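Observations on the three-dimensional arrangement
Listed here are the chains, written in short residue letters.
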Protein chains: 2
Amino acid sequence: MLKPSYSSKLLENAVEQFATLPGIGKKSALRMALFLLKQPTENVRKFSEAFVDFKENICRCSECNMISDSELCPICSDMRRDKKTICVVESVRDVLSIENTERYNGLYFVLGGIISPMDGVGPSDLPVAQLEERVKSSDIQEVILALSTSMEGETTSFYLYKILSRYTLNITTIARGVAFGDDLEYTDELTLAKSIENRQPFKK
Amino acid sequence: MLKPSYSSKLLENAVEQFATLPGIGKKSALRMALFLLKQPTENVRKFSEAFVDFKENICRCSECNMISDSELCPICSDMRRDKKTICVVESVRDVLSIENTERYNGLYFVLGGIISPMDGVGPSDLPVAQLEERVKSSDIQEVILALSTSMEGETTSFYLYKILSRYTLNITTIARGVAFGDDLEYTDELTLAKSIENRQPFKK
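Rules and cut-offs
- Residues numbered from 1 in each chain as written.
- Chains lettered and ligands numbered in written order.
- Predicted model: local features only at pLDDT ≥ 70, side-chain atom pairs only at ≥ 80, totals over all residues.
- Heavy atoms only, no water.
- Helix = DSSP H or I, 4+ residues; strand = E, 2+ residues; numbered from the N terminus.
- Rg over C-alpha atoms; globule rule 2.2 N^0.38 Å.
- Contact = heavy atoms within 4.5 Å.
- Areas by Shrake-Rupley, 256 points an atom, 1.4 Å probe, with all protein chains shown as cover.
- Lys, Arg positive; Asp, Glu negative; His and termini not counted.
- Charge placed at Lys NZ, Arg CZ, Asp CG, Glu CD.
- Domains from an automatic or database assignment.
- Pairing = 2+ DSSP bridges.
- Axes fitted to C-alpha atoms, helices over the stretch in contact; angles between N-to-C directions.

To continue, consider the overall build of chain A. Of the regular secondary structure elements, chain A holds 7 helices and 6 strands. Each helix and strand of chain A, ordered N terminal to C terminal, gives the series α-α-α-β-β-β-α-β-α-β-α-β-α. For 204 residues, the compact-globule estimate of 2.2 N^0.38 gives 17 Å, and chain A exceeds it by more than 25% at 22 Å. Expressed as lengths along the three principal axes of its C-alpha atoms, the size of chain A is roughly 65 × 45 × 40 Å. A sequence separation of at least 24 residues applies to 48% of the contacts in chain A between residues at least 6 apart. Summed over all atoms, the accessible surface of chain A reaches about 12100 Å², with 52% contributed by carbon and sulfur. A gap of 4 Å separates the mean positions of the 25 positive and 29 negative side-chain charges of chain A.

Next up, the structure:
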């Protein structure tokens, strides 16, 4: 970058804004800004509008809190999905990850966060009542808790378990174990212990 | 990402736009879009506006073609710079790089490209007349050609040399040699040969 006395406010502003993005340092941000400079104005307009448009017009699905272009997300409104199973996840990104596996056909519930006293997030900040309402009002038979194994994740899972166990349904959590391709040697003890505890019949 | 049937047009558009940036793949683009989702709308607006503002309002310095917020760039208008030396570079980025060294006190001339028949860029596409005019009309004593050593760069340097040599001035090029920290073993032969040819008196 130029010395402050030579700098261009317009360039600096563009670079600063790019540098707010996760994983983008000043150098990449400068590269991006200079890249935009070479694009036709029309493209830069489209580029910029996409983000405001996304931020201002994206909805939250009224059923599962997933981001959606309409009031009910395409997953919740798909008749072919199994409406008796809900997978509770922390974030939109988790839904995308599970959908990528193409092995889950139920519905979701996006918490949007986990209980974390350090960050000032308590149970009342999460849409737990909404989840409870959904379990009560529809014919849900299984709730899969797919939260992280961090202390905050475990606390949240336990809290949800306590509330949901009042209803007649199966409450499960995703399997923990040694990941495909991982060496036992480098797997942490907790994971390895879980993977032995929850061993499965060998399938040929 | 979601299957096409589940996808959000708004999210996809934002991801696609981020993915047009240099060095940004679909995964990083998704991360960026979801990051924006968590920011206050006001910040997303500021973010987007910075780029259109930059693209639409940035000027080119009338003297050196450097990007600038005003008609004359801060370097050209700085009275303390040596007005008798011009360093000819390909791009805005090159000016930033040389300025970063804090060892050059002259002026610049940004070509904005180099002669490249493969990309359809001929001498007439470069602001050579503007450079010539500048050399003619002001008291320039040295022109430093700081273009790349690619075939295109060398061709352009030679072309500029032919034109500028009609005037009484020193025409120089930046020194080529083994970079600091580089092993001789891994330096290409051309660079190593140049570095021996242009050897310098040893300074204690």
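What follows covers the domain arrangement of chain A. As far as domains go, chain A holds domain 1 (4-57) and domain 2 (75-173). On a C-alpha basis, the centroid separation for the pair domain 1 of chain A and domain 2 of chain A is 37 Å.

All names here are of chain B. Read from one edge of the open sheet, 4 strands run β4-β3-β5-β6, paired in parallel fashion. In this open sheet, the two edge strands, each paired with only one partner strand, are β4 (107-110) and β6 (170-173). Each strand of the sheet is rotated relative to its neighbour by a mean of 25°, with strand direction disregarded. Sheet topology note: the strand β3 (residues 85-89)/strand β5 (residues 142-145) ladder contains 4 bridges and is parallel. Counterpart to C87 in the pairing with β5 is I144. Its contacts with the sheet put helix α6 (residues 151-164) on β3, β5 and β6, and the angle it makes with β5 is roughly 165°.

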